[in-house]
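# Structural overview for review
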Amino acid sequence: MTQQIFVLNGPNLNLLGTREPEIYGADTLDDIEQRMRAAAPDAEITFRQTNSEGDLVDWVQEASKKADHLIINAGAYTHTSVALHDALRACNAEIIEVHLSNPAAREAFRTTNYVAPCASASIAGFGASGYLMALTAILQKT
Ligand code: DQA
């Protein structure tokens, strides 16, 4: 059966490539999407970005119905969103959390994390490679 993989990206990740490149790197979100598709040609990848908390909640609910795996970088909603936490808790897909930077090593407000308790794994601090690491782990397991 074709693996259904949702990759959901939260606020400001549409700015990757130009947004604080010293923290988030020079790769754009399009670069990351292309690399993931190339790395998993046999999987069906749904790749999305939104700046809206409600969209993210709706898409997690959609992933729960359609996806085997959910790779999520919730951006700043990681640190603020109880609504996202609740949606993830109810999600049937396997959840892998990804961050380009390592929030635990940054400002104190980034150490609050509403996503990690709902995830089976977290990858942080490897830049864009973290998305590929998450995908590789999924493909190796299945
Ligand atoms: C981020 C880390 C978050 O703290 C931040 O708000 C982001 C990006 C990351 O990928 O490193 O928007 O999720």
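Our structure is the block above this text.
Here's what I pulled together on the structure shown here. Since this is a predicted model, take the numbers as computed values, not measurements.

### Here we look at unusual backbone geometry
Located in the positive-phi region is Asn12, a residue other than glycine, with phi close to 75 degrees. By the secondary structure assignment, Asn12 is in the loop between strand 1 (4-9) and helix 1 (21-24). Note on Asn12: relative accessible area 34%, which makes it partly exposed.

### Some remarks on the side chain of His79
Of note, His79 is situated in the loop between strand 3 (69-73) and helix 4 (82-89). For His79, a relative accessible area of 10% corresponds to the buried category. Within polar-contact distance, the side chain of His79 engages the backbone oxygen of Thr112 at 2.8 Å. The contacts of His79, once residues within four sequence positions are left out, are Pro103, Phe109, Arg110, Thr112 and Tyr114.

### A short note on the packing of aromatic side chains
All told, the structure shown has zero aromatic pairs when counted by the stated rule. The residue whose ring lies beneath Arg48 is Trp59, and the NZ or CZ to ring-centre distance is 5.2 Å.

### Details of the pairing of strand 3
When you tally the buried positions in strand 3, you get five out of five residues, the bulk of the element. Residues His69, Ile71 and Asn73 line one face of strand 3 and the alternating positions Leu70 and Ile72 line the opposite face, and both faces are buried. In this sheet, strand 3 lies alongside strand 1 in parallel orientation, the contact comprising five bridges. Pairing of Val7 across the sheet is with Ile71, part of strand 3. Note that strand 3 and strand 4 (residues 94-99) share four bridges and pair parallel. Along strand 4, the bridge assignment pairs Leu70 with Ile95. Between strand 3 and its parallel partner strand 4, the chain crosses via helix 4, and the hand of that crossover is right-handed.

### Notes on the site of the ligand
Surrounding the ligand, one finds Arg19, Tyr24, Asn73, Gly75, Ala76, His79, His99, Leu100, Ser101 and Arg110. Contacts to the ligand include Asn73, whose side-chain N or O atom sits 2.8 Å from an oxygen atom. Ala76 is positioned with one of its backbone polar atoms (N or O) 3.2 Å from an oxygen atom of the ligand. The protein chains hide 99% of the 320 Å² of surface that the ligand would expose on its own. Grouping the constituent residues of the shell around the ligand by class yields three nonpolar, five polar and two charged.

Cut-offs and rules
Residues numbered from 1 in each chain as written. Predicted model: local features only at pLDDT ≥ 70, side-chain atom pairs only at ≥ 80, totals over all residues. Heavy atoms only, no water. Helix = DSSP H or I, 4+ residues; strand = E, 2+ residues; numbered from the N terminus. Buried < 20%, exposed > 50% of the residue type's maximum accessible area, 1.4 Å probe, protein only. Polar contact = N/O pair within 3.5 Å; in protein donor to acceptor, adjacent residues only side chain to side chain. Contact = heavy atoms within 4.5 Å. Phe/Tyr/Trp six-rings, centres within 6.5 Å; stacked < 30°, edge-to-face > 60°. Lys NZ or Arg CZ within 6 Å of the ring centre and 35° of its normal. Pairing = 2+ DSSP bridges. Right-handed = clockwise from strand over helix to strand, strands pointing away. Near = heavy atom within 4 Å. Areas by Shrake-Rupley, 256 points an atom, 1.4 Å probe, with all protein chains shown as cover. Nonpolar A, V, L, I, M, F, W, Y, C, P; charged D, E, K, R; others polar.

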